[in-house]
Amino acid sequence: MTPTDAQLWAAGLAFVLPPVMAFVIQPRWGGPLKGIFALLIAAGDGIGTAYVNHEFEGRSIVTCMLTAVVVIGVAYHTLWRPSGIAPAIEAATSTGGSTGAGTPPRAV
């Protein structure tokens, strides 16, 4: 199966979303809250890319959202968290209770 333009855009956007999400996510948030926030962002990514690419129909929207969920999770756990970039952004933008820029927060 060949991915559609909307799915490719959803995946590309999802890859760069973890550091952007780190501006909002706080180190003191628990894993479930971080997960729910990531799912909401992935849903927005999928809906938005399907709409912009004129593929705004049931199956296409769901496929774009699921693509975004997978790519956000994989990108965060394989690149953004191990590199320390996302945890450093979370710590730097924390409103209190920071874990420090070099110390990653609890795993999601």
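What you are looking at is a predicted structure, and each value in this text was computed from that prediction instead of being measured.

Novice: It is not clear to me how the environment of Pro27 should be interpreted in this structure. Could you clarify?
Specialist: Along the polypeptide, Pro27 turns up in the loop between α1 (5-21) and α2 (31-52). Along the backbone, Pro27 and Pro87 are 60 residues apart, and their C-alpha atoms lie at a distance of 7.7 Å.

Novice: Help me understand the side chain of Ser60 in this model?
Specialist: Mapped onto the elements, Ser60 comes out in helix α3 (residues 58-80). A relative accessible area of 9% means that Ser60 is categorised as buried. Ignoring anything within four residues of it in the chain, the contact list for Ser60 reads Ala50 and Glu55.

Novice: Whenever I open this one, the packing of aromatic side chains confuses me. Can you help?
Specialist: Two aromatic rings, taken as a pair, are described by how far apart their centres are and by the angle between their planes. Taken as a whole and judged by the stated rule, the model has 3 aromatic pairs. With a centroid separation of 6.1 Å and 55° between ring planes, the pair formed by Phe15 and Trp80 is classed as tilted. With Phe15 in helix α1 and Trp80 in helix α3, this pair connects stretches of sequence that are 65 residues apart. Note on Phe15: relative accessible area 37%, which makes it partly exposed. An angle of 90° between the planes, with centres 5.6 Å apart, marks the rings of Tyr51 and Phe56 as edge-to-face. The exposed category is assigned to Tyr51, whose relative accessible area is 57%. Judged by relative accessible area, Phe56 falls into the partly exposed class, the value being 48%.

Basis of the calculations
- The residue numbering used here restarts from 1 in each chain and proceeds along that chain's sequence as written.
- A pLDDT threshold of at least 70 governs which residues receive local features in this predicted model, and a stricter bar of 80 or more applies before side-chain atom pairs are shown or counted, although totals over entire chains, interfaces and linings include all residues.
- Side-chain metrics in this entry use all non-hydrogen atoms of the structure; hydrogen atoms and water are not considered.
- Secondary structure follows DSSP: runs of H or I at least 4 residues long count as helices, runs of E at least 2 residues long count as strands, and numbering of each begins at the N terminus.
- Three exposure classes are used, based on accessible area relative to the maximum for each residue type with a 1.4 Å probe and protein chains only: buried under 20%, partly exposed in between, and exposed over 50%.
- Two residues qualify as a contact provided that any one of their heavy atoms is within 4.5 Å of a heavy atom in the partner residue.
- Pairing of aromatic side chains here covers Phe, Tyr and the six-membered ring of Trp, requires ring centres within 6.5 Å, and sorts the geometry by plane angle: under 30 degrees stacked, over 60 edge-to-face, intermediate tilted.

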